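One letter stands for each residue in the lines below.
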Amino acid sequence: TCVALRYVDGVVIAGDRRATAGNLISHRTMDKVVETDRHSAVAIAGAAGPAMEMVRLFQLQLEHYEKVEGTPLSLEGKANQLSMMIRGNLQAAMMGMGVVPIFAGYDLRRSLGRLWAFDITGGRYEEREYVATGSGSLHAGTVIKVGFRSDHDRGDAINLACRALWEAADADSATGGPDPLRGIYPILATIDAGGFVRGDDDELAARYNAIADEVKAK
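Please read all numbers here as calculations on a predicted model, not as lab measurements.

What follows deals with helix α6 (residues 201-217). In a regular helix each residue adds 1.5 Å, so 17 residues correspond to 24 Å; α6 covers 24 Å between its end C-alpha atoms and thus fits that length. Along α6, the residues classified as buried are L204, A205, R207, Y208, I211 and A212. Down the axis of α6, the buried side of the element spans an arc of 165 degrees, and every buried residue falls inside it. The outward face of α6, more than 90 degrees from its buried face, is lined by the exposed residues D202, K216 and A217. Where the residues of α6 are buried, they touch α5 (154-171) and β11 (187-192).

Right, here's the structure in full:
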């Protein structure tokens, strides 16, 4: 399960760490949130192999464009490029190896954070407030829908993303929750005018401890 939402200065993008093979947990520390360049990131859901290959190629294409043109591709152009790559994976998607990512970034030209959702045919849809994808997206999206405010600051947005993944993990077996025993926490990053910043595990541990205390108190 992956989520992204806007806040006053940018966007938060986050994803759990669990990969599954049928009813088995195949990997506990998968990186589902990937920095694609300084001001954008992708969160992946779907078949892990094609998703990681697509993200690596996407990173290379953005780097190549910037070196050739001397300027980064626009955020809208990046979303269009990712859309074409997803469409190119359609045949594999029809055989069950679909990739359904989230794309988020900070638009330097408009000075605001922007979010895009996609479908397996390559259709892209810009979202104004938040987006969720993956097996627990219904639960995570509902939490964000109820808690979202347009005036959220960075801390509020991070807390809401953490709570959304907590509830998704509680209801969906394919979504991994925080694992203090192993020191595994969801990947979370913020993107604003200063660029991509990945959240620190110690900070996430404190936030999830606060969520656990809140749940126990009910």
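The biggest cluster of nonpolar side chains holds 23 residues, and the ones touching the most others in it are V3, L5, V12, I144, A161, C162 and L188. Those elements that place two or more of their residues in this core are β1 (2-7), β2 (10-15), α4 (137-147), α5 and α6. Those residues within four positions of C162 in sequence are excluded, and the remaining contacts are L188, L204, R207, Y208 and I211. In this structure, V34, V42, L62 and M85 belong to the second largest nonpolar core, which totals 19 residues.

What follows is about the environment of D170. Take D170: it is sitting in helix α5. Separated by 34 residues in the primary sequence, D170 and G136 place their C-alpha atoms 9.3 Å from one another.

The next point concerns the sheet that holds strand β8 (residues 112-118). Read from one edge to the other, the open sheet built from 5 strands follows the order β5-β6-β7-β8-β9, with strand pairing classed as antiparallel. Where the open sheet ends on each side, the last strands, each with one partner, are β5 (33-37) and β9 (124-127). Going from strand to strand, the sheet's axes swing by 25 degrees on average, the running direction of each strand aside. As defined by bridge partners, strand β6 (residues 40-43) adjoins strand β7 (residues 102-107) across 4 bridges and the pair is classed as antiparallel. From the neighbouring strand, A43 faces β7, where its bridge partner is I102.

Let us now look at the packing of α5 against α6. Their axes nearest at 10 Å, the elements α5 and α6 cross at an angle of 65 degrees. When the axes of α5 and α6 are compared, the crossing they make is right-handed. Together, R154, G155, I158, N159, C162, R163, L165 and W166 of α5 and E203, L204, R207, Y208, I211, A212, E214 and V215 of α6 make up the contact between the two elements. In the contact of α5 with α6, the residues fall into 9 nonpolar, 2 polar and 5 charged.

Here we come to the packing of helix α1 (residues 48-69) against helix α2 (residues 75-88). Put simply, α1 and α2 touch, their axes get as near as 11 Å, and they point 140 degrees apart. By the angle between their axes, α1 is oblique relative to α2. The chirality of how α1 crosses α2 is right-handed. Residues M54, L57, F58, Q61 and L62 of α1 lie in contact with α2, whose contacting residues are K78, Q81, L82, M85 and I86. Broken down by class, the residue content of the contact of α1 with α2 amounts to 7 nonpolar, 2 polar and 1 charged.

Mapped onto the elements of the fold, A104 is located in strand β7. Taking the C-alpha atoms as reference, A104 lies 9.2 Å from R6; in sequence the two are 98 residues apart.

This part covers the pattern of salt bridges. Evaluation of the coordinates by the stated rule reveals 15 salt bridges. For R124, the salt bridge is made with E76, and the minimal N-O distance between the two is 2.9 Å. Residue R124 is found in strand β9, and its partner E76 is found in helix α2; the two are separated by 48 residues along the sequence. What makes R124 partly exposed here is its relative accessible area of 27%. Note that R163 is salt-bridged to E214, the shortest N-O span being 3.3 Å. Here the residue R163 occupies a position in helix α5, and E214 occupies one in helix α6, the gap between them amounting to 51 residues.

Rules used throughout
Residues numbered from 1 in each chain as written. Predicted model: local features only at pLDDT ≥ 70, side-chain atom pairs only at ≥ 80, totals over all residues. Heavy atoms only, no water. Helix = DSSP H or I, 4+ residues; strand = E, 2+ residues; numbered from the N terminus. Expected span 1.5 Å × (residues − 1). Buried < 20%, exposed > 50% of the residue type's maximum accessible area, 1.4 Å probe, protein only. Arc of directions from axis to C-beta. Contact = heavy atoms within 4.5 Å. Core = buried A, V, L, I, M, F, W, Y, C linked by side-chain atoms within 4.5 Å. Pairing = 2+ DSSP bridges. Axes fitted to C-alpha atoms, helices over the stretch in contact; angles between N-to-C directions. Left-handed = near helix turned anticlockwise from the far one by under 90°. Nonpolar A, V, L, I, M, F, W, Y, C, P; charged D, E, K, R; others polar. Parallel < 35°, antiparallel > 145°, perpendicular 65-115°, else oblique. Salt bridge = Lys/Arg side-chain N within 4 Å of Asp/Glu carboxyl O.

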